[in-house]
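For reference, the chains in residue letters:
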There are 2 protein chains.
Amino acid sequence: MTETSPGRRELNRARTHEAIVAALRSLVAELPAELITVEQVAERAGVSRRTFFNYFGSIPVALSAVFAEHAAGMIAGLDAEQIRTDPVTALRRLVQEDGIPPDFLGWLSDLNCHGQGTDGRMLLERTVWAEMAAWLREQLHTLLPDADPLFVSTLSSGVMSCFQAAEEAWTEDPDRPEPLSDADIEAFHRHLDRALGLLASGWRSPHV
Amino acid sequence: MTETSPGRRELNRARTHEAIVAALRSLVAELPAELITVEQVAERAGVSRRTFFNYFGSIPVALSAVFAEHAAGMIAGLDAEQIRTDPVTALRRLVQEDGIPPDFLGWLSDLNCHGQGTDGRMLLERTVWAEMAAWLREQLHTLLPDADPLFVSTLSSGVMSCFQAAEEAWTEDPDRPEPLSDADIEAFHRHLDRALGLLASGWRSPHV
DNA sequence: GCCGAAGTTGCACACCGTGCAAAAATGCAC
DNA sequence: GTGCATTTTTGCACGGTGTGCAACTTCGGC
């Protein structure tokens with residue numbers, strides 16, 4: 001009905017993809033992430049449970065897709081040249097100058113703050129962070145097609161571990177009110193910058 | 001009946017723990033890891049499925065216990081002083097001088113070589129590596145009790161990502177015969193050293 | 001319109017991880 | 001040894017996961 005190139009098929013596919021992601025997004029905002037089931041997501045997205053698995057292999061994979069939407073905007077601002085010579089500092093500058101978008105931070109907070117100390121939560125979180133690292137690895141690979149796989153793999157894991165550690169340190173701080181204050185955002189940035197600093201220095205700079 | 005201190009209870013507990021680990025070890029040597037089920041492990045260990053879960057939360061957790069047995073011997077040789085000032089180089093030297101025990105490498109190879117490209121394999125592997133990183137984090141925490149959590153978390157993740165990346169690069173090399181040759185071990189060491197070098201330099205040294 | 005291809009759905013199945021309560025093993029006091 | 005409290009094992013049931021498979025529906029081209 002509209003144009004020839006997109007095609008109805010790909011349009012529908014994109015639509016259900018987005019519906020699933022949106023359903024997941026809203027569920028994360030109102031439930032502890034480790035309690036979310038595929039059935040809930042599918043129902044809210046208006047598709048069958050089976051269809052969910054046609055798009056994502058599991059909840060963590062789908063969650064990493066939400067992450068990807070947020071993170072894609074960030075890494076778009078990266079300088080391809082500086083990535084080649086000093087990627088960690090490039091990323092650190094990006095964080096220092098542009099900062100992390102508040103809705104991104106809010107999502108991270110939702111993902112982890114709801115449920116507290118259960119074992120299941122740590123399992124889910126680990127899987128999600130691993131998926132995010134895999135996504136970043138993919139992105140770096142397309143950004144630096146001829147780079148050493150070792151370079152890309154270790155770098156993406158290292159960077160994501162900084163995010164993860166910063167997030168953990170952040171959520172261990174005392175109670176954080178629902179709408180994130182500027183001070184909270186500032187606190188996360190401090191944690192993340194410190195972590196990236198350790199990464200950049202090879203864990204040598206501060207004699208802990 | 002025997003002595004007072006160990007006690008029959010803890011002895012039995014240690015025995016079934018070891019039985020489960022041994023069963024898992026033998027299964028890994030003869031099956032693709034992602035096909036191993038809890039029922040198989042329990043049966044071979046001579047306990048019920050339910051008892052397995054009394055000891056380990058999942059197969060990946062149990063696998064990381066096997067890893068821990070191997071790795072504990074390695075990090076015992078670490079100099080506590082050098083860890084504080086330059087942990088990555090300390091670990092790098094350890095690998096360069098002592099090397100990775102061949103049976104450790106053989107286990108890593110078994111864990112990953114059997115099954116090829118399935119999606120389930122990557123999922124399992126990621127979980128296992130995450131568990132290993134958690135174990136190392138624990139070890140570093142007891143080794144450096146007053147260190148910054150960010151320091152310990154990012155460091156352990158970074159180091160384990162080097163092992164993971166080295167292992168991936170290693171297994172992508174052409175077919176490796178069952179008994180590991182010295183050249184194979186050498187190859188793994190080269191990959192690992194290169195990865196640790198990237199880690200130590202903050203991904204700056206080689207202008208890829 | 002019709003037909004092949006792509007996408008969706010329900011179903012079945014093996015497996016996972018956990019709560020619960022009965023049963024067995026152990027430690028301890030006497 | 002006997003009895004009792006505690007720990008451990010075990011079976012069972014239950015809800016959730018992820019996948020293969022076979023209809024069935026939707027879409028694109030001719």
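Check the entry above for the structure.
The structure displayed is predicted, hence computed values, not measured ones.

Caption draft 1: Quick peek at the protein's contact with DNA strand D. The environment of DNA strand D is formed by 21 residues, the closest being Arg8, Arg9 and Arg50 of chain A together with Thr51 and Tyr55 of chain B. Looking at DNA strand D alone, sugar and phosphate atoms form 54% of those within 4 Å of the protein. Arg8 of chain A places a polar main-chain atom, nitrogen or oxygen, 2.3 Å from a phosphate oxygen of DNA strand D. In this structure, Arg49 of chain A approaches DNA strand D through a side-chain N or O atom, which is 3.0 Å from a base nitrogen. Of all elements in the fold, only α1 (8–30) and α3 (49–55) of chain A together with α1 (8–30) and α3 (49–55) of chain B reach the threshold of two or more residues within the surface near DNA strand D. Tallying contributions element by element places α3 of chain B first for the surface near DNA strand D, with five residues. Looking at the surface near DNA strand D residue by residue, the classes come out as four nonpolar, nine polar and eight charged.

Caption draft 2: A look at the side chain of Ser64 of chain B. All names here are of chain B. Considering the arrangement of structural elements, one finds Ser64 in helix α4 (residues 59–75). For Ser64, a relative accessible area of 8% gives the class buried. Contacts of Ser64, omitting those with residues within four sequence positions, involve Glu131 and Met132.

Caption draft 3: Up close: helix α10 (residues 182–201) of chain A. All names here are of chain A. Between its first and last C-alpha, α10 extends 28 Å over 20 residues, near the 28 Å set by a 1.5 Å rise per residue. When you tally the buried positions in α10, you get 14 out of 20 residues, the bulk of the element. Backbone geometry just after α10 places Gly202 at a positive phi near 65°.

Caption draft 4: Geometry of the packing of aromatic side chains. Tallied over the full model, the rule gives ten aromatic pairs over all chains. Centroid distance Phe52 of chain B to Phe56 of chain B: 5.9 Å. Interplanar angle 45°. Geometry classified as tilted. Exposure class is identical for Phe52 of chain B and Phe56 of chain B. Each is buried. Through a chain of ring-to-ring contacts, three or more aromatic side chains come together here, namely Phe52, Phe53 and Phe56 of chain A. Taking NZ or CZ as reference, Arg13 of chain A lies 4.4 Å from the ring centre of Tyr55 of chain A, over its face.

Caption draft 5: The arrangement of the relation of the copies chain B and chain A in detail. Superposing chain B onto chain A requires a rotation of 180° together with a translation of 0.0 Å along the rotation axis, leaving an RMSD of 0.1 Å. The operation mapping one copy onto its partner corresponds to a two-fold rotation axis. When you check the interface residues of chain B against chain A, 97% turn up at the interface there too, and the contact is symmetric in its surfaces.

Caption draft 6: Region of the structure containing the protein's contact with DNA strand C. By nearness alone, 21 residues border DNA strand C, and Thr51 of chain A together with Arg8, Arg9, Asn12 and Arg50 of chain B come closest of all. Here DNA strand C approaches the protein such that, of its atoms within 4 Å, sugar and phosphate make up 56%. The separation between a phosphate oxygen of DNA strand C and a polar main-chain atom of Arg8 of chain B is 2.4 Å. For the surface near DNA strand C, the secondary structure elements donating two or more residues are α1 and α3 of chain A together with α1 and α3 of chain B.

Caption draft 7: Fine view of the side chain of Glu125 of chain B. Residues and elements named next belong to chain B. Counting through the fold element by element, Glu125 comes out in helix α8 (residues 119–143). Among the residues examined, Glu125 registers a relative accessible area of 8% and is labelled buried. If near-sequence neighbours (up to four positions away) are discounted, Glu125 is found in contact with Asn112 and Glu167.

Caption draft 8: Structural detail: the pattern of salt bridges. Scanning the entire structure with this criterion turns up 15 salt bridges over all chains. Glu69 of chain A is the partner of Arg25 of chain A in a salt bridge, and the nearest nitrogen-oxygen pair spans 2.4 Å. Here Arg25 of chain A is found in helix α1, whereas its partner Glu69 of chain A is found in helix α4 (residues 59–75), with 44 residues between them in sequence. With a shortest N-O distance of 2.2 Å, Arg194 of chain B and Asp148 of chain A are connected by a salt bridge. Linking Arg194 of chain B in helix α10 (residues 182–201) with Asp148 of chain A in the loop between α8 (119–143) and α9 (149–172), this pair reaches from one chain into another.

Caption draft 9: Just the environment of Thr51 of chain B, in detail. Residues and elements named next belong to chain B. If you trace the backbone, Thr51 turns up in helix α3. Since its relative accessible area comes to 22%, Thr51 is described here as partly exposed. Separated by 31 residues in sequence, Thr51 and Ile20 have C-alpha atoms that sit 9.7 Å apart.

Cut-offs and rules
- Residues numbered from 1 in each chain as written.
- Chains lettered and ligands numbered in written order.
- Predicted model: local features only at pLDDT ≥ 70, side-chain atom pairs only at ≥ 80, totals over all residues.
- Heavy atoms only, no water.
- Near = heavy atom within 4 Å.
- Polar contact = N/O pair within 3.5 Å; in protein donor to acceptor, adjacent residues only side chain to side chain.
- Helix = DSSP H or I, 4+ residues; strand = E, 2+ residues; numbered from the N terminus.
- Nonpolar A, V, L, I, M, F, W, Y, C, P; charged D, E, K, R; others polar.
- Buried < 20%, exposed > 50% of the residue type's maximum accessible area, 1.4 Å probe, protein only.
- Contact = heavy atoms within 4.5 Å.
- Expected span 1.5 Å × (residues − 1).
- Phe/Tyr/Trp six-rings, centres within 6.5 Å; stacked < 30°, edge-to-face > 60°.
- Lys NZ or Arg CZ within 6 Å of the ring centre and 35° of its normal.
- Least-squares fit on C-alpha atoms with pLDDT ≥ 70 in both.
- Salt bridge = Lys/Arg side-chain N within 4 Å of Asp/Glu carboxyl O.

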